[in-house]
Amino acid sequence: TNTDGNYIAETTAHIQGANAYHVVTGGGTNSSAVLDGFVITAGRANGGSFPDNAGGGMYNAGSSPTLRNLTFSGNAAVGGGGIYNGGSSPVLTNVTFSGNAANGGGGIFNRSSSPTLTNVAFSGNAASVRGGGMDNNHNSSPTLINVVFSGNTAISDGGGIFNDSSSPTLTNVTFSGNAATINGGGMYNGTSSPTLTNVILWGSTGGSIVNLLGSNPIISYSDIQGCGGSSAWVAACGTNGGGNIDANPLFVDADGADNVLGTLDDNLRLQLSSPAIDAGNNNAPGLSGVTTDLKGYPRFVDGNGDNNAIVDMGA
């Protein structure tokens, strides 16, 4: 279905017919295999068994390709609507996941996989069970830098991210308006202890962070709604690493001109009066080689006039 003439499925509702199970497949590749500059759309991994039910947009098995300047739009699967990674660690730069859907991992499903994501956006992806944006399981430890999760949903747990026996590292990540019906609108952790630094987690439905089964995330220099900030830390949120706040980050326009969360016009830049400006940690994990933010502006800037170039919280 292509009513707007652009040959892109903006959501999985636009998929018609028996499309390919996977638009792209990476098998046994390394970082020298490069996919650059494409829209990957309308994959439909609806087969009766694995792997035909995984990775509508891309299926990686034992593969770690380089993925850059890509959009995964309107792909569907049982696991990993946008991408399924099994024993794979691809490197993603300047990638958007929008309108993808799956039972688990609407955007990305990671099984025993540790991809690296820099300048990546997850908008309006959906899971009928868990992990609207991302589902990490079986000891997956992805690294996320300058990443946005906006308006992703899960019927059960983990609207933004679902972690099961997995401990990702999140640096300068923004969560806005993600939702889960049961637990963890922003993030769900089960037997998982992720590291969050310079993170904004705001406007979640179903709780900002829900930790079960001995999970203990380490959170520092972050703005987490409902966690009290370092001065009045709520222990159920995890370990207080210091520098945390609990204050409205004052996004420019969280739901954009169309007033719908999870669409590509959401403006999660910070207003000049935001408490998240100059409030991060310059020594956060993974920031040593990062010079720009998600929009391509300088990452380290004096935002409050004290002559110190301090990183902001968020993407």
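All values derive from a computational prediction rather than experimental measurement. (Residues numbered from 1 in each chain as written. Predicted model: local features only at pLDDT ≥ 70, side-chain atom pairs only at ≥ 80, totals over all residues. Heavy atoms only, no water.)

K.L.:
With reference to specific residues and values, describe the sheet that holds strand β14 (residues 134–137).
P.N.:
Read from one edge to the other, the open sheet built from eight strands follows the order β1-β5-β8-β11-β14-β17-β20-β23, with strand pairing classed as parallel. Among the strands making up the open sheet, the edge pair consists of β1 (24–27) and β23 (209–212). Averaged over all adjacent pairs, the angle separating strand axes in this sheet is 5°, with direction ignored. Judged from the four bridges that link them, strand β5 (residues 58–61) and strand β8 (residues 83–86) form a sheet pairing that is parallel. Residue pairing across strands places Asn-60 opposite Asn-85, the latter belonging to β8. (Pairing = 2+ DSSP bridges. Helix = DSSP H or I, 4+ residues; strand = E, 2+ residues; numbered from the N terminus. Axes fitted to C-alpha atoms, helices over the stretch in contact; angles between N-to-C directions.)

K.L.:
Kindly report on the sheet that holds strand β16 (residues 153–154), identifying the contributing residues and their values.
P.N.:
Spatially, β4-β7-β10-β13-β16-β19 is the arrangement adopted by the six strands of the open sheet, whose pairing is parallel. The open sheet has two free edges, formed respectively by β4 (44–45) and β19 (179–180), since each of these has just one partner strand.

K.L.:
So, the pattern of salt bridges: which residues are in play, and what are the values?
P.N.:
The tally for this structure, following the rule as stated, stands at two salt bridges. As a salt-bridge pair, Asp-36 and Arg-68 come within 2.7 Å of each other at their nearest N and O atoms. Of the two residues, Asp-36 sits in strand β2 (residues 34–36) while Arg-68 sits in strand β6 (residues 66–73), which places them 32 residues apart along the sequence. Its relative accessible area of 33% is what places Asp-36 among the partly exposed residues. For Arg-68, a relative accessible area of 36% puts it in the partly exposed group. Here Asp-135 ties to Arg-130 by a salt bridge, and the two come within 2.7 Å at their closest N and O atoms. (Salt bridge = Lys/Arg side-chain N within 4 Å of Asp/Glu carboxyl O. Buried < 20%, exposed > 50% of the residue type's maximum accessible area, 1.4 Å probe, protein only.)

K.L.:
How would you summarise the state of the cysteines if you had to cite specific residues and measurements?
P.N.:
All chains considered together, the criterion is met by one disulfide. Note on cysteine connectivity: Cys-227 is disulfide-linked to Cys-237, with sulfurs 2.0 Å apart. Negative torsions about the S-S bond denote left-handed disulfides, and the value of about -95° found for Cys-227 with Cys-237 makes this one left-handed. Of this pair, Cys-227 sits in the loop between β25 (223–224) and β26 (239–240) while Cys-237 is found in the loop between β25 and β26, placing the two residues 10 residues apart along the sequence. (Disulfide = S-S within 2.5 Å.)

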